[in-house]
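Descriptive structure summary
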Amino acid sequence: MINLFKFIFRRRILVVLSLLAQILLISLLIAGTGRYLKFSYWILSVISIIVSIYIINKHEKPGYKLTWIFIILVFPFFGGILYIMLNIWSNPKKMRRALFGNISKSHESFYLPGNRLNELTDTYPDFKTQAHYLQEYAGFPVYGNTRQEYFPCGESYFKKVLEELEKAQKYVFLEFFIMKEGIMLNSILEILEKKAAAGLDIRIMYDDMGCFFTLPPDFHKKLAHKGIKAYVFNRFRPIISSLQNNRDHRKIISIDGKVAFTGGLNLADEYINAVERFGHWKDAAIMLEGDGAWSLTLIFLQMWNLGFKEKDEYDAFFPWKEDILEHTEKGVAEGFEAWGYVQPYADSPIDKENVGEHVYIQIINQAKNYLYINTPYLIVDDNLLSALSLAAKSGVDVRIITPHRWDKKIVAITSRSYYRRLILAGVKVYEYTSGFNHGKTFVSDDRIATVGTTNLDFRSLYLHFECGVLIYASETIAAIKEDFLRTLPSSQEMTLKDCAKNAFQRIVSDILRIFAPLM
């Protein structure tokens, strides 16, 4: 009986019941207006008109505007009220102020390893616009003196992570969307527990929604007992609010500020194929060793400090603070030119600057010969659709690999509705038939590539906190390209017939596409 009581009142059950109660209350309020139909009709109609005008004039993606206008047209009583209810309890101002404060405080720290922007643009003028945007506007500098290692699968990534964690001397920072107890997470925690006992600063940040069903509610307390600091990002609260959409989708591991990892892999056993989920799990990640790792460290600290009143002194974590001048003078002269340049970047949904999307669009627009893309989802707005279509129409060999065995059937149907326009424009779309392709990579013309966490869908591009690494003129680019080409034989090229085999399927996919921004 006691166990049943504990189960019923677990936080997760309370959250679900609270949300259901709010939905029921809204429904009853709207239904209750039937008693006063004459007055409620005009009141709710006026509310819907005002909300529609607000939506049309709001600085937001057209896809979102179209979806909400459609909902209000179909449900004139319910639509306007629903929009208000979702947004009235949304108050990102506090989070925005805190994040902007952290960004401002850490701005100069990004340049402790030096400023390589002019060095890059003088050597490779074609990269000027991309590098300038990310450094001078978005705030993420260019770095040299950074060795990169690309991982085409979770197994090789996991092995390297364990090796590097064992070498940690001062601190280890982890930030993930999903963590699930098993071989992968437990092996990492075993090392981190030893490091914490040895006096290292160990921190783990994970998203509450991403781990809602994969970790026990008191997992952060268990970590604390092991000497590991934990921060649960944006706790999922039992209120209907659009803030619940702003999830931390980043995946970062920073070791002493000298080595850092990012990419598509979360800490769960399917990512290393220790368990099977949707067939073989195909993913991608990258390790930075050197100056570029410092940038990902700061990106982590900016988010970590959202959860605490006492803020870190960012410079205190700089691994070369004892010899900054000597360190900044290193670079091309010591033979690092084969490593090229890197520009780690982050994206936030609360600053209205779609950094991840802009990185992708600039790569697309500047492609001359080829553009190869891995993405688990393909649900994008007209800007990206037009850019991809124009590139293909202009003679660029544009190829995209998505999964064949999807994790969400509705997303699969909706994605295939986007295939049609792309295929008609000359884009070659493939589905990875061996399983689930979860990698997020762009590579173009043997000159530029990016590996990160951002999917080609509305949620990832505009609602989540994301990150990635832009790579210029490095030997690593060849490895990313080679991985893509090795994946093609295990992928099926899609045709127009495959996208929707009959009129009914086309109608269903077109209807689902209206709601794509909400998926």
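Described in the following lines is the structure provided in the data block. Throughout, a residue's number is its position along its own chain's written sequence, starting from 1. Owing to the predicted nature of the model, reporting of local features is limited to residues with pLDDT of at least 70; listing and counting of side-chain atom pairs is limited to 80 or more, with chain, interface and lining totals taken over all residues. To obtain the side-chain values, all non-hydrogen atoms of the structure were used and water was disregarded.

Looking now at helix 9 (residues 154-166). Relative to the 18 Å expected for 13 residues at 1.5 Å per residue, helix 9 spans 18 Å between its end C-alpha atoms, a close match to the ideal helical length. Buried residues of helix 9: Gly 154, Tyr 157, Phe 158, Lys 160, Val 161, Glu 164 and Leu 165, and no others. Any two residues whose heavy atoms approach within 4.5 Å are treated as being in contact. By definition, any uninterrupted DSSP run of H or I lasting at least four residues is a helix, any uninterrupted run of E lasting at least two residues is a strand, and each is numbered from the N terminus. Buried residues along helix 9 sit against strand 1 (146-151), strand 2 (171-176), helix 10 (183-197), strand 5 (252-255), strand 6 (259-263) and strand 8 (285-290). Multiplying one less than the number of residues by 1.5 Å gives the expected span of a helix. Each residue is placed in one exposure class: buried if its accessible area under a 1.4 Å probe, protein chains only, is under 20% of its type's maximum, exposed if it is over 50%, and partly exposed if it falls in between.

Axis separation between helix 15 (residues 382-393) and helix 16 (residues 409-425) bottoms out at 8 Å; the angle between their running directions is 25 degrees. When the interaxial angle is binned, helix 15 and helix 16 end up roughly parallel. Note on packing geometry: the crossing formed by helix 15 with helix 16 is right-handed. On helix 16, the residues that touch Asp 382, Leu 385, Ser 386, Leu 388, Ser 389, Ala 392 and Lys 393 of helix 15 are Tyr 418, Arg 421, Leu 422 and Ala 425. Axes here refer to lines fitted to C-alpha atoms; in helices the fit is confined to the stretch in contact. Angles between the N-to-C directions go from 0 to 180 degrees. We call two directions roughly parallel when the angle between them is under 35 degrees, roughly antiparallel when it is over 145, roughly perpendicular when it lies between 65 and 115, and oblique otherwise. A crossing counts as left-handed when the near helix is turned anticlockwise from the far one by less than a right angle, and as right-handed when that turn is clockwise.

So, about a nonpolar patch on the surface. Here the term patch refers to residues with relative accessible area over 30% and no salt bridge, with like charges joined within 9 Å and nonpolar side chains (Val, Leu, Ile, Met, Phe, Trp, Tyr) within 5 Å. All accessibility values rest on the Shrake-Rupley procedure with a 1.4 Å probe; residue burial counts only the protein chains present in the view. Salt bridge, as applied in this entry: a Lys or Arg side-chain nitrogen positioned within 4 Å of an Asp or Glu carboxyl oxygen. Taken together, Phe 70, Leu 73, Val 74 and Phe 75 make up a surface patch of nonpolar side chains, about 390 Å² in accessible area. With respect to the element layout, Leu 73 can be found in helix 4 (residues 62-74).

Turning our eyes to something else, we now look at helix 10. In an α-helix, one turn spans 3.6 residues, which is why side chains three or four residues apart end up on the same side. For helix 10, spanning 15 residues, the distance from its first C-alpha to its last is 21 Å, which sits close to the expected 21 Å at 1.5 Å a residue. Close packing links the buried residues of helix 10 with helix 9, strand 2, strand 3 (201-207) and helix 11 (219-225). Positive backbone phi, at 100 degrees, marks Gly 199, one or two positions downstream of helix 10.

The subject of this paragraph is the sheet that holds strand 3. DSSP bridges decide pairing: two strands pair if at least two such bridges lie between them. Across the sheet, which stays open at both edges, the seven strands sit in the order 1-8-6-5-2-3-4 with mixed pairing between neighbours. The open sheet terminates on both sides in strands that have one partner only, identified here as strand 1 and strand 4 (229-233). Averaged over all pairs of adjacent strands, the angle between strand axes in this sheet comes to 10 degrees, irrespective of strand direction. By the bridge criterion, six bridges tie strand 1 to strand 8 in an arrangement that is antiparallel. Counterpart to Glu 149 in the pairing with strand 8 is Met 287.

Here helix 14 (residues 355-366) crosses helix 15 at 15 degrees, and the two axes come no closer than 9 Å. The orientation of helix 14 relative to helix 15 falls into the category roughly parallel. Judged by the twist between their axes, the crossing of helix 14 over helix 15 is left-handed. In this structure, helix 14 contributes Glu 357, Tyr 360, Ile 361, Ile 364 and Asn 365 to the contact, and helix 15 contributes Asn 383, Leu 384, Ala 387, Leu 388 and Ala 391. All amino acids are sorted into three groups, where Ala, Val, Leu, Ile, Met, Phe, Trp, Tyr, Cys and Pro are nonpolar, Asp, Glu, Lys and Arg are charged, and the leftover types, Gly among them, are polar. The residue makeup of the contact of helix 14 with helix 15, split by class, is seven nonpolar, two polar and one charged.

None of the figures reported here should be taken as evidence of function without further support.
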